[in-house]
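The lines below spell out each chain.
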Amino acid sequence: RNDDESIKVIHRAIEIGMFFLDTADVYGIGHNEQLVGRAIRDRRNKVVLATKFGNVRNAEGAWLGVNGRPEYILKACDSSLQRLGVNHIDLYYQHRVDTEIPIEETIGAMKQLVEQGKIRHIGMSEAAPETLRRAHKVHPITALQTEYSLWTRDPEVDGVLAACRELGIGFVAYSPLGRGFLTGRFKSTDDLPSDDYRKRYPRFEGENFEKNRRITDVIEQMARQRKCKASQLALAWVLAQGEQIVPIPGTKRLTYLEENAAAAEIKLTGEEVRRLSEAIPPGATAGARYTEEAMKRVHL
């Protein structure tokens, strides 16, 4: 873990105009919030800060479940504020929907946080259209965060994107580079470090990996024609899907940060967007996004 390097990446991101920072209390079991807090200490007014609650792990990182109970949310928010070293969070997400608690109760508690000035806006992550609509009636939802990229086009077919457009909710696309797969850097599973968490995901396993390489072939071919990186083309495609869509590619390295930022300058033509969309249609990717257990916590 090289915190100094990570802080340099955050500082450079702000410098080049990437001011939307996304973290969560569960990343590094609180460590990532502390890191982001250190990085923005002297530049809080230059960033839009987002964090999340609800995915609960113990100090060792073992999974404990999803918690959307009002009393838990109020405590979780105070803990995040403390770790971040700030007096308010710009966008506070429910990380996963708690099916044991009516969504109205969860959003009601978040509304209370808005009224107290501890958070400015309410967000949700991996929520189904109907859940989103119910939540929006309690308090306006500013953003919905869901995985979206050329290899995860589910939001186009499951009604999530349509619901966001209908309700005027911003759409935050996480893993817009398919957890790094769409960069074309991984030619075989051997290219992943032995302890890499991605090795547990179905899309990165054996036969699925080989099939999914065809997707990157398509992207790399067009990237060569456009004289840009495959990662930049994949991000440009997400950006071309609508003004309310904001991709949040993660990186620990300055080089990739600069490359990702430059993707905003690539304007794809309608024909190029169509060609990519047709070459990699919804459902083209082999394997589920997460393990079977983790898939039970999405789209609720």
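Residues numbered from 1 in each chain as written. Predicted model: local features only at pLDDT ≥ 70, side-chain atom pairs only at ≥ 80, totals over all residues. Heavy atoms only, no water.

Before going further, it helps to examine the side chain of Arg213. Looking at the element boundaries, Arg213 is found in helix H8 (residues 206–226). Ignoring anything within four residues of it in the chain, the contact list for Arg213 reads Phe181, Phe186, Lys187 and Glu220. (Helix = DSSP H or I, 4+ residues; strand = E, 2+ residues; numbered from the N terminus. Contact = heavy atoms within 4.5 Å.)

Our focus in this paragraph is the packing of aromatic side chains. Throughout the structure, instances matching the rule amount to nine aromatic pairs. Measuring from centroid to centroid gives 5.4 Å for Phe181 and Phe204, while their planes differ by 75 degrees, and the two rings are edge-to-face. Taken together, the residues Phe181 in the loop between strand S8 (170–174) and H8 and Phe204 in the loop between S8 and H8 connect sequence positions 23 residues apart. For the pair Phe181 and Phe204, one class covers both residues: buried. (Phe/Tyr/Trp six-rings, centres within 6.5 Å; stacked < 30°, edge-to-face > 60°. Buried < 20%, exposed > 50% of the residue type's maximum accessible area, 1.4 Å probe, protein only.)

Within the element layout of this structure, Val238 appears in helix H9 (residues 230–239). When its relative accessible area of 0% is taken as the criterion, Val238 is described as buried. Between the C-alpha atoms of Val238 and Ala173, which are 65 residues apart in sequence, the distance is 8.0 Å. Leave out the neighbours within four places in its chain, and Val238 touches Tyr148, Ser149, Ala173, Pro176, Ile245 and Pro247.

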